[in-house]
Amino acid sequence: MLDFVLSQTAAFLENMPKTVRKKKGQFFTSKETAVFMASLFDLSNTGTTIEILDPGTGTGILSAALIDRIIKESRIKSVALTCYENDKDVLPILHDNLQYIKDHSPIDFTYHVTEDDYILSQADAFEGMLFAENCPQKYDLIIGNPPYLRIMRNDPAALAMPTVVHGAPNLYFLFAAMSLFNLKDDCEMVYIIPRSWTSGEYFKTFRRYFLNNGKLKQIHLFVSRDKVFNKEQVLQETMIIKVKKQRTDPAFVKITSTQTNNDFNELTSIDVPYHAVVSGDSLYVYLPTSQDDVAIIQTINSYTTTLPDEGLKMHTGIVVDFRQWEELKKEPGEHTLPLFYSQNIKNGRVNHNPTGKEYDWIVDSKPGLIQKNQNYVFCKRFTAKEERRRLQCGIYLAKDFPQYDFIGTQNKINFVDRMDKKEMSLPLTYGIYALLNSTLFDMFYRILNGSTQVNSTEINNIPVPPIEDIEEIGKQLLEADNLSTETCDKILKGVAYHG
């Protein structure tokens, strides 16, 4: 049955331009991925009659894979499938596919296609109570590949679910939240979704809702981000999650990984303590793939304060050069200040050598675009996926530019300073650099965030040693007169890291 659905889908893809489907956030699941997702459900506690939901069904690939698996479970005698799909281009194929399954199924199979908006049709009930009695139908199993589409905050779908929206919403996490709402207590849902929800400010409200009312049982990671939807050319960090609707935390989360979407027979697998994956306040979801990663998470989380707790904070650079081009200058002169880019960070220090940018200077006439010339730690906001380190930092010392009272920072760098705006001491500056330049913190950030962007909010939420230890680390780094990662690692282990 799955093969029939896949052949029908292939015919559809040949006639539907990819650009059209991309605008809808529509990407179809591969056979191997669908079979793997269907295999994740624990069917041992289901009744002989089960009800399934497939929101955003598309052509029915996931439904077919799950029905194929259920047929092999001789104990299950009857399946009722509900599909939500309102794409007029897809609906005829979906109806044909479901009828084919019904005609060829050896078990009692019924289906219903709701040709309505999955979010808007249930929004009023969702914004009531999650466990209320008078709610839409609840399901034993939910399987989904939701649309991956960023929407505006005033989009009807975003306005319909304010409980989980903060910042820029995406349809995929609205679908995931609604599916948890549609799930029966102590039952499971399996979703393939982008990794982006696991960190970042925009997803914070969703994470808290989702992880307070459901618990992660398994996470599957794809090492190669361009092979998940291999026929769709999707460059997206994607993951598969199995979530059980329960309040109590499980002891462990199973984390599996594969290189691509078609080698599920070559899984790597570890069982990770639940709170090494989900932070206690559901602020982040960490994604370790080895016991070394687990040890890194546990070491960082053994610290009890953050940079802001210690009176320090990472900010994003101020100057957006393409917006402020009238204030930028090609050459130094009267009333001009040096403008620093990520290219000025080299070998642990910050210089003002030519960057290859057209403008390396900024006028001093707009106070909102400049900042005091004092000690900072600069950190690149963006790095290439293949680069060895995600955190690439440099020490900026005011004494290196004594002729200036103020400087400019372009917004593709982050900088750390004191929250009271007083100048950081040399030991504190060097100590912060040592933390961010260490293997421990770089690896932790990679586990926390799969993107190539270093987010200042996330850095400010990472636990750090007490400020006294940071200053001691800085003193030792000054004495060592060597800014290498190896030196930072050695000092950090001696002062504040005994892992």
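Just so it is clear, the model here is predicted, and its values are computed rather than measured.

Rules and cut-offs
One numbering rule holds for all chains: residues counted from 1, following each sequence as written. Owing to the predicted nature of the model, reporting of local features is limited to residues with pLDDT of at least 70; listing and counting of side-chain atom pairs is limited to 80 or more, with chain, interface and lining totals taken over all residues. The side-chain figures draw on all heavy atoms in the structure; neither hydrogens nor water molecules are used. Only DSSP runs of H or I covering at least 4 residues are called helices, and only runs of E covering at least 2 are called strands; the numbering of each starts at the N terminus. For the radius of gyration, the atom set is restricted to C-alpha positions; the globular benchmark scales as 2.2 Å times the number of residues to the power 0.38. Note on definitions: a residue-residue contact is assigned when non-hydrogen atoms from the two residues lie within 4.5 Å. Computed with a 1.4 Å probe, the accessible areas rest on the Shrake-Rupley method; for each residue, only the protein chains presented here act as cover. Positive: Lys, Arg. Negative: Asp, Glu. His and the chain ends are not part of the count. Taken as the charge centre is NZ of Lys, CZ of Arg, CG of Asp or CD of Glu, depending on the residue. Between 30 and 60 degrees the pair is tilted, below 30 it is stacked and above 60 it is edge-to-face, where a pair is any two Phe, Tyr or Trp rings, Trp via its six-membered ring, whose centres lie within 6.5 Å. Classification of residues uses two cut-offs on accessible area relative to the type maximum, computed with a 1.4 Å probe and protein chains only: under 20% is buried, over 50% is exposed, and between them is partly exposed. Over a ring means this: the NZ of a Lys or the CZ of an Arg is within 6 Å of the ring centre and within 35 degrees of the ring normal. Pairing between strands is defined by DSSP: at least two bridges between them are needed. Axis lines are fitted to C-alpha atoms, over the contacting stretch for helices. Their N-to-C directions set the angle, which ranges from 0 to 180 degrees. Throughout this description, any angle smaller than 35 degrees is read as roughly parallel, any larger than 145 degrees as roughly antiparallel, any in the 65 to 115 degree range as roughly perpendicular, and the remainder as oblique. By definition, turning the near helix anticlockwise from the far helix through less than a right angle yields a left-handed crossing, and turning it clockwise yields a right-handed one. Nonpolar residues are Ala, Val, Leu, Ile, Met, Phe, Trp, Tyr, Cys and Pro. Charged residues are Asp, Glu, Lys and Arg, and all others, Gly as well, are polar. Think of a salt bridge as a Lys or Arg side-chain nitrogen and an Asp or Glu carboxyl oxygen that are within 4 Å of each other. Residue-level confidence of the predictor, termed pLDDT, takes values from 0 up to 100. By the criterion applied in these results, polar contacts are pairs of N or O atoms within 3.5 Å in which, for protein atoms, one can donate a hydrogen and the other can accept it, and in which residues neighboring in sequence qualify only through two side-chain atoms.

1. Topic: the overall build of the chain
- Of the regular secondary structure elements, the chain holds 16 helices and 20 strands.
- Taken over the C-alpha trace, the chain has a radius of gyration of 26 Å; the compact-globule value for 499 residues is 23 Å, and the two agree within 12%.
- Taken along the three principal axes of its C-alpha coordinates, the chain extends 80 × 50 × 40 Å.
- Considering only intrachain contacts with a sequence separation of at least 6, the fraction spanning at least 24 residues in the chain is 76%.
- Summed over its atoms, the accessible surface of the chain is roughly 21600 Å², and 48% of this surface lies on carbon and sulfur atoms.
- Between the averaged position of the 54 positive side-chain charges in the chain and that of its 63 negative side-chain charges there is a distance of 1 Å.

2. Some details on the packing of aromatic side chains
- For the structure shown, the criterion picks out 26 aromatic pairs.
- Note on Trp 197 and Phe 210: the rings are 5.9 Å apart at their centroids and 85° apart in plane angle, and the pair reads as edge-to-face. Linking Trp 197 in the loop between β5 (183–194) and α9 (204–213) with Phe 210 in helix α9, this pair joins segments that are 13 residues apart in sequence.
- A relative accessible area of 0% means that Trp 197 is categorised as buried.
- For the pair Phe 340 and Tyr 396, a centre-to-centre distance of 5.2 Å together with 80° between the ring planes defines the contact as edge-to-face. Here Phe 340, found in strand β12 (residues 336–340), pairs with Tyr 396, found in strand β18 (residues 393–396); they are 56 residues apart in sequence, far enough to count as distant.
- Following the ring pairs from residue to residue traces out a cluster consisting of Tyr 148, Tyr 172, Phe 173, Trp 197, Phe 203, Phe 206 and Phe 210.
- Lying across the ring of Phe 181, Lys 138 places its NZ or CZ 4.0 Å from the centre.

3. Digging into the sheet that holds strand β4 (residues 139–144)
- Here nine strands make up an open sheet; going across it, the order is β3-β2-β1-β4-β5-β7-β6-β8-β9 and the pairing mixed. For this open sheet the edge positions go to β3 (108–114) and β9 (268–273), each flanked by a neighbour on one side alone. Neighbour-to-neighbour, the strand axes of this sheet turn through a mean angle of 15°, independent of strand direction.
- Pairing analysis gives five bridges linking strand β6 (residues 215–222) to strand β8 (residues 252–258), with the strands arranged parallel.

4. What to know about the side chain of Arg 195
- Turning to its location among the elements, Arg 195 is positioned in the loop between β5 and α9.
- Among the residues examined, Arg 195 registers a relative accessible area of 13% and is labelled buried.
- If near-sequence neighbours (up to four positions away) are discounted, Arg 195 is found in contact with Glu 237, Thr 238, Met 239, Leu 287, Arg 446, Ile 447, Leu 448, Asn 449 and Gly 450.

5. Side note on the packing of helix α15 (residues 467–480) against helix α16 (residues 485–495)
- As a packed pair, α15 and α16 sit with axes 10 Å apart at the nearest point and diverge in direction by 140°. It follows that α15 is oblique to α16 by the angle criterion. Here α15 and α16 pass one another in a crossing that is right-handed. From α15, Asp 469, Glu 472, Ile 473, Gln 476, Leu 477 and Ala 480 reach across to α16, where they touch Thr 487, Cys 488, Ile 491, Leu 492 and Val 495.
- Along the lines of polarity and charge, the residues of the contact of α15 with α16 split into seven nonpolar, two polar and two charged.

6. A word on the pattern of salt bridges
- Throughout the structure, instances matching the rule amount to 15 salt bridges.
- Taking the shortest distance from any N to any O, the salt bridge between Lys 254 and Asp 271 comes out at 3.4 Å. Here Lys 254, found in strand β8, pairs with Asp 271, found in strand β9; they are 17 residues apart in sequence, far enough to count as distant.
- Judged by relative accessible area, which is 31%, Lys 254 ranks as partly exposed.
- Residue Asp 271 is classed as partly exposed on the basis of its relative accessible area of 43%.
- Its salt-bridge partner being Lys 330, residue Glu 358 comes within 3.1 Å of it at the nearest N-O pair. You can see Glu 358 sitting in the loop between β14 (349–350) and β15 (361–363) and its partner Lys 330 sitting in the loop between β11 (328–329) and β12, a full 28 residues away along the chain.
- Residue Lys 330 is classed as partly exposed on the basis of its relative accessible area, which comes to 47%.
- Taken together, the shared-partner salt bridges in this structure form one network comprising Glu 51, Asp 140 and Lys 184.

7. Things to note about the confidence of the model for the chain
- This prediction gives the chain a mean pLDDT of 90; 92% of its residues lie at or above 70.
- Segment residues 226–230 is flagged for pLDDT under 50; beyond a separation of four residues in sequence, or across chains, it makes 19 contacts in the model.

8. Some words on helix α3 (residues 31–39)
- Those residues of α3 lying buried are Thr 33, Ala 34, Phe 36, Met 37 and Ala 38.
- Taken together, the buried residues of α3 touch α4 (61–72), β4, β5, β6, β7 (238–244) and β8.

9. Side note on the environment of Asp 42
- Along the chain, Asp 42 turns up in the loop between α3 and β1 (49–55).
- Distance in space between the C-alpha atoms of Asp 42 and Glu 188 is 7.9 Å, their sequence separation being 146 residues.
- Setting aside anything within four residues of it in sequence, one finds Asp 42 in contact with Glu 188 and Lys 242.
- A distance of 2.6 Å separates polar atoms of two side chains, one belonging to Asp 42 and the other to Ser 44.

10. Considerations on the packing of helix α12 (residues 426–437) against α16
- Two elements in contact, α12 and α16, have axes separated by 9 Å at closest approach and are oriented at 105°. Judged by the inter-axis angle, α12 sits roughly perpendicular to α16. Between α12, through Tyr 433, Ala 434, Leu 435 and Asn 437, and α16, the contact on the second element is made entirely by Thr 485, Cys 488 and Leu 492.
- Looking at the contact of α12 with α16 residue by residue, the classes come out as five nonpolar, two polar and no charged.

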